[in-house]
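Reading the structure
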Amino acid sequence: VMDKATVEKNRDAAKAMFYHAYDNYLLHAFPKDELAPIACKGHDTQNCHGCMLTFYDALDTLAVLGNKTEYRRVVAWLAEHGAATFDRDVSVSVFETNIRVLGSLLSNHLLALDPELDLVPGYDGVLLKLAVDVGSRLLPAYDTPTGLPYGSINFKSGVRPGETPVSATATGGTCLLEFHLLSKLSGIKAFRKAADKATKALWQRRSGLGLLGSHVDVKSGEWVYFDSGIGGGIDSFFEYLMKAHLLTGRQDYLAMFEEGYRSINQHTRFEGWYIDVDMRSGKLMFPFYRSLQSFWPGLQVLYGDLPEARDLFRRFMGVWSKYSFVPEAYNVQSKEPQEGLAQYPLRPEMAESAFYLHRATGDDEFRFDGQRILESLNTHALAECGYAAIEDVVTKRKRDHMDSYFLAETVKYLYLLFDEGEGTKAFRDPSKYIFNTEAHLLPLPEPPSPEFLLSPTNPPTKGPRQERLRSAAKGGKKKGGKKGKKGKEEAKPKAATGKLAALQEMQRKLREEEERIAKMEEERKAAEAEAERLMKEQEAEEEEKRRIKREKKKEKEDQLRKEGKLLSKKQRAEKEKNEAYRKQLEAQGIVPPKKDKDAAEGGDESSGDEDGGAGAGQAKRMSKNEIKQREKERKDRLKQLAEEREKKKREEEEAKAEAERRAKELEGVADNWEDSDEGDAGGKEEEESSEGDEDLGSGSEYDSDGNQLSKTARRKRLEMRRAEARRLKKMEKNLANKSRDNLRCPIICVLGHVDTGKTKILDKIRRTNVQDGEAGGITQQIGASYFPEWAITEKTLAVKQLHGVEYNVPGLLIIDTPGHESFTNLRTRGSSLCDLAVLVVDIMHGLEPQTIESIGLLKKRKAPFIIALNKIDRLYGWVSRPDLPVQQALELQEQNVKDEFKQRYDFAVSQLAEQGLNACVFYENKDVRSFINMVPTSAISGDGMMDLLFLLTTLPSRMLVEKIMYHENLECTVLEVKAIEGLGTTMDVVVVNGRLTEKDTIVVCGLDGPITTQIRSLLTPQPMKEMRVKTPYVNHREIKGAIGVKICANGIERALAGSNLYVLGEDDNEEELREEVMKDLGGILKKVRKNEDGVYVQASTLGSLEALLQFLEQPGEDRDGRKNDPIPVSGIGIGPVSKHDVMRCGVMLEREREWIKMCEKEHAATGDWISGNPLNSIKEAYACILAFDVPVLPDAERLAKEIGIVIYTAEIIYHLFDKFMSRVADIKAKKKEEARKKAVYPCVFKIVDERCIFNKKDPYILGVDVLEGALKLGTPVVIPNVDWTGDAKTQEGAAELLEFGQVMSIEKDKKPIDTATRLTGNIAIRIEQRRNMREYTLGRHWSHESMFLSRINRESIDLLKEHFRDDLPKDDWKLIVKLKKCLNVL
């Protein structure tokens, strides 16, 4: 038992802990989010970006401590300034803002209303208004197809475009308490509905084991991460189910919690611990006890599972005792903190569970646990200005950070654990309050209920919750007997006397609040009903208008139909055909000419008779029998044509059916192994389109618009269908001939972040030096290298003998991709081809952005891969052993090297686990289908290179045999299109299957349409050499997949990288292949965004061009963190910059000059810049060429200098952007100097007195005082005919202005100055009038009391905005608003 003095000492220690941190926050950090306790300064967080998180989080802790003075001060401050906290353009975490800010506002609103606490006399509900404001700003995050909220939202604009749809489970499940309470207090049901919908949406997506994943896609509802447990990402979901049941009394929440509780206990328990498992299978994922799990014993107390809670807490406390803290993750298998997760960020969960266990049992052992927590914090975390997080629980190294929850939770639970005073007794009563997950107190709505009386006098037992509570209640009655009953009767009046008045007052307040809410609800319903009535009336009116319009349209159509004018396109064509045939008959005199309709209806009898006579005369030329015979012959001809059409239609339908049958038989075969789904979709589209053709009623006789095809077109279409059927039949035959004895080279793709050593690894294996030849050492193109089987055997002999295996593949084709962020397209292209991938990870840095992107690409395409854990030579003390397998090399290292390797290896494994991947070193991997092989490597020393090659050669023959069986169906993909000196434009392609031959006619997709050309030559680099580096090439007459080939051919400059290449065979139809190849265009490069005004871009390859265009469209941020504006592009080109490219770019310069002339002409005619002011434009900056990794031809350089085109060249992609931005800055500076001469600054001045008029005529010399703005040399001056009020709201517009002249000189104390302001004092100025200006007389037109204004206009305002925005103070901009009103400037 802990004695009273110790209890009070610990309570005071917790109180002192709070004030040490809180006072320093106010002194050094307020109004920032959080305090850096070592540096003694504040900082904002990613969670709320300046919401004063610590200020809000600490508020109800002040109430618990009984500090009413500070509590009232904070509430008053929030009443005055709180709204501005949220009316800002910042993105915040939905989860953190809800539990910290909204939870605090609701909690303190209800505490301030409680008369028993008497915290804020005369409280007016201001905190509830702020809570509604915050809740309303969070609510749009829940507007998703699933009802699950986004993880972040902008306070002003809502969900930003491009916001990630991946959100933690806890985000959707941790809003029940706050949103339910907010709906009850505000009367707005939308909050409660959103919380219920999100919770149910998560619950419906639980697996067959009853488990939930940690992260979900809020748009599709699909799980993104499948790790399940009670730690971060999921923890508070279960907590809020239980507490929402206690707050609302709803049984469905309790039912969900109980089912989830059973599933958690069944599937995530491991030797007494709770660990993370796969939600689908229950397999172990992470054997970690995470510090966030420490809340679970407290939740078990609320549920009534007290023995389990006590046992689990003792396990957790054992870890605390070992390290004086609990790390973020403790490996329960190795019994030590997980590498990289050894921090303790002052989390409150241990104190929380100790508090609940002590309240439920009364056992002081939990107070002793709380005392150890206090001692650890004061010993190791105490800092000069607060308490610092622990970076490593082993070394006790501190981190300069103190989360706001330290004051909201950690200190509050510790204080309540030891507090027994009367002042805070209400807060310790578990029947009156529950805590949200940030420990903000939320009052329960009713007096104590049997479900929540968890205390030493009512300990729960095992079994379902309701049965435990009933049995506990019965047991209590039997045990108490008559004596217990008597004692209760004696105590009852005493307690009632003490609390009756306070309870009545509370009930009165609650009734008033409920009446107010009910009234607000009635008003809202009435307003909604009225709005609905008006909407229905409006809809009825619109429907009536639509009905009348439809009736009129129907009447018109009926009339036209009667007159024979309403015809379809087919009927019109038939009518025109009949008319032409009739005219032929009329010309031959077979039928009488058609009467003119107007003449027949016009009543002109003479005209009618003449027509009739003529007709009769013509009819008499033939007898009746002759006419009948001719008509019969015509009908026979039409019948014969119809039969021929029907016959051709049947033949075409039979061919089409045959082609469809063949396609169905080859249904499982796709052009690329990863595109099978897309192929199916395409097939459905073709079926739908063919059904649409059949709906036209005449099969292939008509095109898609219903127009009849000519005989030649029908024959052409039929031939294309037959050719397609032949091609599919041939493909089927080739696939049937596949054999396990005939394997092709597996295609290996190397992916990873920039500077992880991808190219360096290949250089080490090839014994080349490609990377050092790259600009800046950065790979910016895609390349391929062929490794023959004999070379692989030579390099891997040691490891091959160690494992005793033989190689079954003829070699390897390895594709190297760029790692820079701009080259996403090339990484995508490389990953789409690979059979097996190598993901290079820097062991010193772990997973980086492009590494994670590459993992996403491989997951999407379901591509198997291995991980090269590179740069092990950077481990301190590493001794290189490149001639040994890496396993043996590791065993020979010193112990400190092994320890560091183990530490960094474990960190990489944990990062991969966060991405949902299991991984281990290859020599320990017993299940290659469940665990990814990791190979420690060094591209510098060569360690691990033989192991990497060994794996790449053996895995495909074990796991990917079906995929790498060779067949003769050509599968060829274009990697890059580039111009090479001496060869012209070439295509780098990868031939996966099939073969290419010199002189083959090929068909490839192009930017301007399909390209048909003939192969001039097939070139490959020497074995073990890089294809993108110019080396002596090997010429082939025929080549077989899989291999990388450079194709030389004519007309391929605009070929599209990433598209398929086809060979035109003897039985193939060229048009059919051209149509087929263009299907790639939509999936590879739908559209290059080009603008009328923009720079001209030139690159060495199409892949580089795509990357450069992407970079110019999204150029990232500047040094100040602001997003750079995208650079528009007007034209593109590939290869060296030629004279033709300069001429195309010169069009931009000519267009800009013509635009300037047009603007000046408009201004001269109207006085306004209708099409824009050239001084405000930077269009001339676009008259340049950005040339990436290409030379500039001499004639192009000469022409560029002649016409004024600037050519910027660079070998690194972002250097081009820097050069262009420097050009823009120079042009802006030049324009600014030009604008300075024309800009008119706002100014108001008056004459000092009548003695200061030194010259009454032009030039006027006056002594003046500047009242507002700045008076500068050259300022035009006017005198309005209205009084100057100095207030934009009351200022009237002048009907007449006296154009007084222009300020030509300013003097102060007989010394010339350029500018004068109000602070300058009295000055003398000289105003001169321009020629032909009217001269104004003193006393008649103006006086010493006149107000002089600078003559601003729209042009000058625009110039100031564009060039001098930052030069003008705010007061001058306000003056411009006043002058605009006075001078009538629009």
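Worth saying up front: this structure is predicted, and the values here are computed from it rather than measured.

1. What about the confidence of the model for the chain?
For the chain, per-residue confidence averages 78 on the pLDDT scale, and residues scoring 70 or more make up 77% of the total. Here residues 447-499 scores under 50 on pLDDT; set against residues more than four positions off or in separate chains, the count is 55 contacts.

2. Structural notes on unusual backbone geometry
A cis amide bond, omega 10°, links Phe 30 with the succeeding residue Pro 31. Positionally, Pro 31 belongs in the loop between α1 (4-29) and β1 (34-36). Cis geometry marks the peptide bond from Asp 1258 to Pro 1259, where omega comes out at 0°. Here Pro 1259 is to be found in the loop between β43 (1253-1255) and β44 (1260-1269). Backbone geometry places Lys 335, a non-glycine residue, at a positive phi of 60°. Structurally, Lys 335 is set in the loop between β14 (329-331) and β15 (336-337). According to the relative accessible area criterion, Lys 335 is partly exposed, its value standing at 39%. In the Ramachandran plot, Leu 346 falls in the positive-phi region, its phi being about 65° despite a non-glycine side chain. Relative to the elements of secondary structure, Leu 346 occurs in the loop between β15 and α14 (349-361).

3. Here we look at the side chain of Gln 1291
One can find Gln 1291 in the loop between β46 (1276-1280) and β47 (1297-1308). A distance of 2.9 Å separates a polar atom in the side chain of Gln 1291 from the backbone nitrogen of Thr 1285. Once residues lying within four places of it in the same chain are set aside, the contact partners of Gln 1291 are Val 1282, Asp 1283, Trp 1284, Thr 1285, Gly 1286, Lys 1378, Lys 1381 and Cys 1382.

4. Some points on the sheet that holds strand β38 (residues 1095-1099)
In space, the 4 strands of this open sheet follow the order β39-β38-β40-β41, with parallel pairing throughout. Two strands lie at the open edges of the sheet, namely β39 (1129-1134) and β41 (1206-1210), each paired on one side alone. If you compare each strand with its neighbour and ignore which way they point, the axes differ by 20° on average. When β38 meets strand β40 (residues 1184-1188), the two strands line up parallel, connected through 4 bridges. When the bridges of β40 are listed, Ala 1099 appears paired with Phe 1188.

5. Let's talk about the packing of aromatic side chains
For the structure shown, the criterion picks out 42 aromatic pairs. The interplanar angle of 50° and the centroid separation of 6.0 Å between the aromatic rings of Tyr 1241 and Phe 1364 together place this pair among those described as tilted. In this pair, Tyr 1241 is assigned in the loop between α39 (1213-1238) and β42 (1243-1247) and Phe 1364 in the loop between α40 (1354-1363) and α41 (1370-1383), connecting sequence segments 123 residues apart. Here the two residues Tyr 1241 and Phe 1364 agree in accessibility, since each one is buried. Between Tyr 1260 and Phe 1300 the ring centres are 4.3 Å apart and the planes differ by 25°, which places this aromatic pair in the stacked class. With Tyr 1260 in strand β44 and Phe 1300 in strand β47, this pair connects stretches of sequence that are 40 residues apart. For the residue pair Tyr 1260 and Phe 1300, the accessibility class agrees, reading buried in each case. Three or more aromatic residues link up through ring pairs in this structure, and these residues are Phe 237, Phe 238, Phe 257, Tyr 261, Tyr 274, Phe 295, Trp 296 and Tyr 303. Just above the ring of Phe 226 sits the side chain of Arg 280; from NZ or CZ to the centre is 3.6 Å. The lysine or arginine in question, Lys 1040, covers the ring of Tyr 966, its NZ or CZ lying 4.4 Å from the ring centre.

6. Some remarks on the pattern of salt bridges
Under the criterion given, the structure shown has 46 salt bridges. Asp 906 is the salt-bridge partner of Lys 902, the closest N and O atoms lying 2.7 Å from each other. Here the residue Lys 902 and the residue Asp 906 both occupy positions in helix α31 (residues 895-914), the gap between them amounting to 4 residues, near one helical turn. Take Lys 902: its relative accessible area is 44%, and that puts it in the partly exposed class. Connected through shared salt-bridge partners, Arg 310, Arg 314, Asp 363, Glu 365, Asp 369 and Arg 372 make up one network.

7. Concerning the state of the cysteines
Tallying each qualifying case throughout the model produces 2 disulfides. Note on cysteine connectivity: Cys 48 is disulfide-linked to Cys 51, with sulfurs 2.0 Å apart. Between Cys 48 and Cys 51 the sulfur-sulfur dihedral comes to about -70°; the bridge is accordingly left-handed. Each member of the pair, Cys 48 as well as Cys 51, carries the same accessibility label: buried.

8. Structural notes on the sheet that holds strand β8 (residues 227-228)
The strands making up a sheet associate through backbone hydrogen bonding, with each pair oriented either parallel or antiparallel. With antiparallel pairing, the 3 strands of this open sheet are ordered in space as β8-β11-β12. Both outer strands of the open sheet, β8 and β12 (284-286), are each paired with one neighbouring strand and no more. Sheet analysis places β8 next to strand β11 (residues 276-278), joined by 2 bridges and oriented antiparallel. Counterpart to Ser 228 in the pairing with β11 is Val 277.

9. Overview of helix α8 (residues 176-186)
Extensive coverage of α8 is indicated by the burial of 10 of its 11 residues. Regarding α8, the residues found buried are Leu 176, Leu 177, Glu 178, Phe 179, His 180, Leu 181, Leu 182, Ser 183, Leu 185 and Ser 186. In the stretch just after α8, Gly 187 is the one whose phi turns positive, near 80°.

10. Observations concerning the environment of Tyr 25
Here Tyr 25 lies in helix α1. For the pair Tyr 25 and Ser 404, spaced 379 residues apart in sequence, the C-alpha separation works out to 9.9 Å. Those residues in contact with Tyr 25, other than ones at most four positions away along the chain, are Phe 30, Pro 31, Lys 32, Asp 33, Glu 34, Leu 35, Met 52, Thr 54 and Phe 55.

11. Topic: the pairing of strand β26 (residues 865-870)
The buried fraction of β26 amounts to 6 of the 6 residues, a majority that puts the element mostly inside the structure. Judged by which residues are buried, β26 turns out to be covered on both faces: Phe 865, Ile 867 and Leu 869 on one side and Ile 866, Ala 868 and Asn 870 on the other are all buried. Sheet topology note: the β26/strand β28 (residues 932-936) ladder contains 3 bridges and is parallel. Bridged to Ala 868 within β28 is Val 935.

Quick notes on the rules
- Residues numbered from 1 in each chain as written.
- Predicted model: local features only at pLDDT ≥ 70, side-chain atom pairs only at ≥ 80, totals over all residues.
- Heavy atoms only, no water.
- pLDDT = per-residue confidence, 0-100.
- Contact = heavy atoms within 4.5 Å.
- Helix = DSSP H or I, 4+ residues; strand = E, 2+ residues; numbered from the N terminus.
- Buried < 20%, exposed > 50% of the residue type's maximum accessible area, 1.4 Å probe, protein only.
- Polar contact = N/O pair within 3.5 Å; in protein donor to acceptor, adjacent residues only side chain to side chain.
- Pairing = 2+ DSSP bridges.
- Axes fitted to C-alpha atoms, helices over the stretch in contact; angles between N-to-C directions.
- Phe/Tyr/Trp six-rings, centres within 6.5 Å; stacked < 30°, edge-to-face > 60°.
- Lys NZ or Arg CZ within 6 Å of the ring centre and 35° of its normal.
- Salt bridge = Lys/Arg side-chain N within 4 Å of Asp/Glu carboxyl O.
- Disulfide = S-S within 2.5 Å.

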